[in-house]
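Here is what each chain is made of, one letter per residue.
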Amino acid sequence: MRVGQGYDVHKLVENRKLIVGGVEIPYEKGLLGHSDADVLLHAVADALLGAAGLGDIGKFYPDTDVKFKDMDSMVLLSDVVSKLKNLGYEIGNIDCTIIAQAPKMAPYIEKMKENIARVCGIEKTMVNVKATTEEGLGFTGSGLGISASAIVLIN
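Residues numbered from 1 in each chain as written. Predicted model: local features only at pLDDT ≥ 70, side-chain atom pairs only at ≥ 80, totals over all residues. Heavy atoms only, no water.

Trainee: Run through the pattern of salt bridges, naming residues and quoting values.
Mentor: A full pass over the atoms with the stated rule returns eight salt bridges. A salt bridge links D70 to R16; its shortest N-O distance comes to 3.7 Å. Placement of D70 in the loop between α2 (57-60) and α3 (73-86) and of R16 in the loop between β1 (2-13) and β2 (18-20) is noted, with a sequence separation of 54 residues between them. Its salt-bridge partner being K17, residue E24 comes within 4.0 Å of it at the nearest N-O pair. (Salt bridge = Lys/Arg side-chain N within 4 Å of Asp/Glu carboxyl O. Helix = DSSP H or I, 4+ residues; strand = E, 2+ residues; numbered from the N terminus.)

Trainee: Break down the pairing of strand β7 (residues 145-154) for me, with residues and values.
Mentor: Most of β7 is tucked away, with seven of its 10 residues classed as buried. Direction of pairing for β1 relative to β7: antiparallel, over a ladder of 10 bridges. Along β7, the bridge assignment pairs R2 with I154. Two elements, strand β5 (residues 91-99) and β7, share eight bridges in a ladder whose sense is antiparallel. Its bridge partner lying in β7, D95 is registered against I151. (Buried < 20%, exposed > 50% of the residue type's maximum accessible area, 1.4 Å probe, protein only. Pairing = 2+ DSSP bridges.)

Trainee: Residue-level account of unusual backbone geometry, with values.
Mentor: With an omega dihedral of 0°, the bond running from A102 to P103 counts as a cis peptide bond. For P103, the position within the fold is in the loop between β5 and α4 (109-120). Of note, the phi angle at N15 is positive, near 65°, even though the residue is not glycine. Mapped onto the elements of the fold, N15 is located in the loop between β1 and β2. Judged by its relative accessible area of 79%, N15 falls in the exposed class. A positive phi angle, close to 60°, is found at D70, a residue other than glycine.

Trainee: Could you give me a rundown of the layout of surface pockets, with the residues and numbers involved?
Mentor: Size it by volume and the largest pocket reaches roughly 230 Å³. Along the walls of the largest pocket sit 14 residues, with H34, H42, I57, Y61 and D63 positioned nearest its centre. Of all elements in the fold, only β1 and α2 reach the threshold of two or more residues within the lining of the largest pocket. Taken together, the residues that form the lining of the largest pocket break down as six nonpolar, six polar and two charged. (1 Å grid on protein atoms, 1.4 Å probe; cavity = no way out; pocket = protein on both sides within 12 Å on 5 of 7 lines; lining within 4 Å. Points joined across faces, edges and corners; volume = space filled by probe spheres on them. Nonpolar A, V, L, I, M, F, W, Y, C, P; charged D, E, K, R; others polar.)

Trainee: Outline the pairing of β1, listing residues and values.
Mentor: Sheet topology note: the β1/strand β4 (residues 30-31) ladder contains two bridges and is antiparallel. Along β4, the bridge assignment pairs V13 with G30.

Trainee: Explain helix α1 (residues 39-51) residue by residue, including any values.
Mentor: Spanning 13 residues, α1 covers 18 Å between terminal C-alpha atoms, matching the ideal 18 Å at 1.5 Å per step. Buried residues dominate α1, accounting for 12 of its 13 residues. Between a side-chain oxygen at the N-terminus of α1 and the backbone nitrogen of L40 the separation is 3.2 Å; the capping residue is D38. Of the residues trailing α1, G53 is marked for its positive phi of about 70°. (Expected span 1.5 Å × (residues − 1). Polar contact = N/O pair within 3.5 Å; in protein donor to acceptor, adjacent residues only side chain to side chain.)

Listed below in structure tokens is the structure:
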């Protein structure tokens, strides 16, 4: 068994879609990034790559490469899962936390879990997604951005 941990953060800006966990969430701002800036899927991908000792998503999907511009992070996560499967790894479970003052994530968490489970080829019961605020503190608490962390177990 191997454990991996991932973390990602993106700034909230106007004129971008807000996509978290593969779900488009109605909100006046979206996350700034080279790809679709899905902080949750990026944290999960980093955790999976880390567990396998493969580095991070920047190694495979650099933000300097135009072919990854506006990339759907569901595709990115699917590619990471393929890399692990090619090495003989299976995902045991995934536990994630989204840190955002707004918008509220609770209405979207079940769909996020479904998306992650489907792309990773695991049961939805093997994926946990939580959301919290920072009680108005820090950059996420003041509404400047959203972050996510993930921890995974692979066999």
